[in-house]
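A structural walkthrough
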Amino acid sequence: MSEDLISKKELLDLTGISYGQLYRWKRKNLIPEQWFIRKSSFTGQETFFPRDKIIRRIDKILNMKDDLSLDALADVFSPNLTDIQLTAGEIMERNIVTSSALNLYIETVDPTAQHIIFEFDKLLSIYVLDRWLQSGDIALDEGRLLIQALNEHLPRMAGMECGIILIRKMGVSAFLLIPNDQEIYMDPGVKVVAHLSLAQCTEELKLLVNGSEG
């Protein structure tokens, strides 16, 4: 099934923003170039957008633009990993993730390590783990599998919009990382248990980290 699209005219009418705002935000990298989809219509060429993504992004821009500059917003929305290093104590002090997710990560990666320094990619792995542990979508054993999958593959996904899904078949779990969060097709015996956008998680985590610095 193809992605639900919204036309530029419909988008401007729905959100109340102007043509100038839309293209200024594009120039500032608040809206990705690939979201501007040119398609033929009965009037010629028309621009469309992925409906859910663009409406959610514009809503966030409108809600946050009074508190952050457009350049700061562009950094938040970028899938690129930010430069940060935190200790376990600093992570807990800032309330970025729960202690259960942090402890499971440490136990899985290196239970003997006394002073792990968490760079952003590691923190992102813990954040994804925390999201799914709190939702009840994964068990602890699956959490360990998730950590291993993210630690192995996440570095090569830097700068990409990537999706991660948990699937189960006949009681066996597996995690799939999907570059550009493209649609995938599986046999009917496979159940998709949970799905997250790593770009969206990156965005949320950047806001959490930046908000907790004060």
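Described below are features of the structure shown in this document.

1. Things to note about the overall build of the protein chain
Within the protein chain one finds 9 helices and 8 strands. Considering only C-alpha atoms, the protein chain reaches an extent of 65 × 50 × 25 Å along its principal axes. The 214 residues of the protein chain split such that 41% are buried. Nonlocal contacts in the protein chain, meaning residues at least 24 apart in sequence, comprise 63% of its contacts between residues at least 6 apart.

2. Things to note about the side chain of Ser 125
With respect to the secondary-structure elements, Ser 125 resides in helix 7 (residues 120-135). Assessed through its relative accessible area of 1%, Ser 125 is described here as buried. With sequence-adjacent residues up to four places away left out, Ser 125 is seen in contact with Tyr 105, Leu 150, Asn 151 and Leu 154.

3. Things to note about the pattern of salt bridges
Scanning the model with the defined rule gives 12 salt bridges in all. Residues Lys 169 and Asp 187 are paired through a salt bridge, measuring 3.2 Å at the closest nitrogen-oxygen approach. Taken together, the positions of Lys 169 in strand 6 (residues 162-169) and Asp 187 in the loop between strand 7 (172-179) and strand 8 (191-197) put the pair 18 residues apart, joining distant regions of the chain. Classification of Lys 169 as partly exposed rests on a relative accessible area of 35%.

Quick notes on the rules
Residues numbered from 1 in each chain as written. Predicted model: local features only at pLDDT ≥ 70, side-chain atom pairs only at ≥ 80, totals over all residues. Heavy atoms only, no water. Helix = DSSP H or I, 4+ residues; strand = E, 2+ residues; numbered from the N terminus. Buried < 20%, exposed > 50% of the residue type's maximum accessible area, 1.4 Å probe, protein only. Contact = heavy atoms within 4.5 Å. Salt bridge = Lys/Arg side-chain N within 4 Å of Asp/Glu carboxyl O.

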